[in-house]
Amino acid sequence: MKKKVYFAGSIRGGREDAAVYKRIIDYINRTDTVLTEHIGLGSLSVKARTKEDDVHIYERDTEWLRSSDVLIAECTNPSHGVGYELAYAEARNIPVHIFYDKRKANISAMLNGNAYFKVYPYENEAEIYPVLDEILGKQGK
C-alpha cells in the first residue's frame, strides 16, 4: 500500500535547497505519494502573502499532516514553518525523519536532542536514498 508522505523543506526561510527537495520528492513519488509536491518547485514564491492566504496554507498543510503516514524533512536550511510541522507531527504520533547536509549546517539541538525524531546527517545527497528505502519499507527493491 502506498504511504502518504508529508515532505517538509524551507520555503520562506530560503530556497537554496529546492533542487534537492525536488529530487527527494521525485524519488519518493516513484512508489509512494508525496502530499506536498509543491515544496520542490523552483518557482515557489518566498514572499509573504495576505493573512487570508496564510490561513488557507495553514489549514491545508495541517490537514495534509494529519492524513500523512510519515513526515520526511530536509532541514539543512532552517525554517520556522518546518520546525512547527515537526512538532505538529510529533504531537500526533506521526513518524518524523529529518535529513540535513552536515557540510552546510548544524541541526538545532531541539531537533537533534529529541529522541522522537530520527535524524540523518549526510555529506553526499546519494546517502539519502537508501535511508528513504528503509523508512518507506523498500528494502531490497
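The structure reproduced in this document is the subject of the present report.

How each quantity is defined
Residues numbered from 1 in each chain as written. Predicted model: local features only at pLDDT ≥ 70, side-chain atom pairs only at ≥ 80, totals over all residues. Heavy atoms only, no water. Salt bridge = Lys/Arg side-chain N within 4 Å of Asp/Glu carboxyl O. Helix = DSSP H or I, 4+ residues; strand = E, 2+ residues; numbered from the N terminus. Buried < 20%, exposed > 50% of the residue type's maximum accessible area, 1.4 Å probe, protein only. Core = buried A, V, L, I, M, F, W, Y, C linked by side-chain atoms within 4.5 Å. Contact = heavy atoms within 4.5 Å.

1. Things to note about the pattern of salt bridges
Within this structure, the stated rule accounts for seven salt bridges. For Arg23, the salt bridge goes to Glu125, with nearest N and O atoms at 2.7 Å. Of this pair, Arg23 sits in helix α1 (residues 18-29) while Glu125 sits in the loop between β5 (118-122) and α5 (128-135), and the two are 102 residues apart along the sequence. In this structure Arg23 comes out as partly exposed when scored by relative accessible area, which is 41%. A relative accessible area of 18% means that Glu125 is categorised as buried.

2. Some thoughts on the nonpolar core
Counting residues in each nonpolar core, the largest one holds 20 residues, and the members touching the most others are Phe7, Ile24, Ile28, Ile72, Phe99, Leu132 and Ile135. For this core, the secondary structure elements donating two or more residues are β1 (4-8), α1, β3 (70-74) and α5. No other element matches the six residues that α1 contributes to this core. Residues contacting Ile135, with those up to four places away along its chain left out, are Lys3, Val70, Ile72, His97, Phe99 and Tyr120. Core analysis: the next-biggest nonpolar cluster, separate from the first, contains 17 residues, Ala89, Val96, Ile107 and Phe117 among them.

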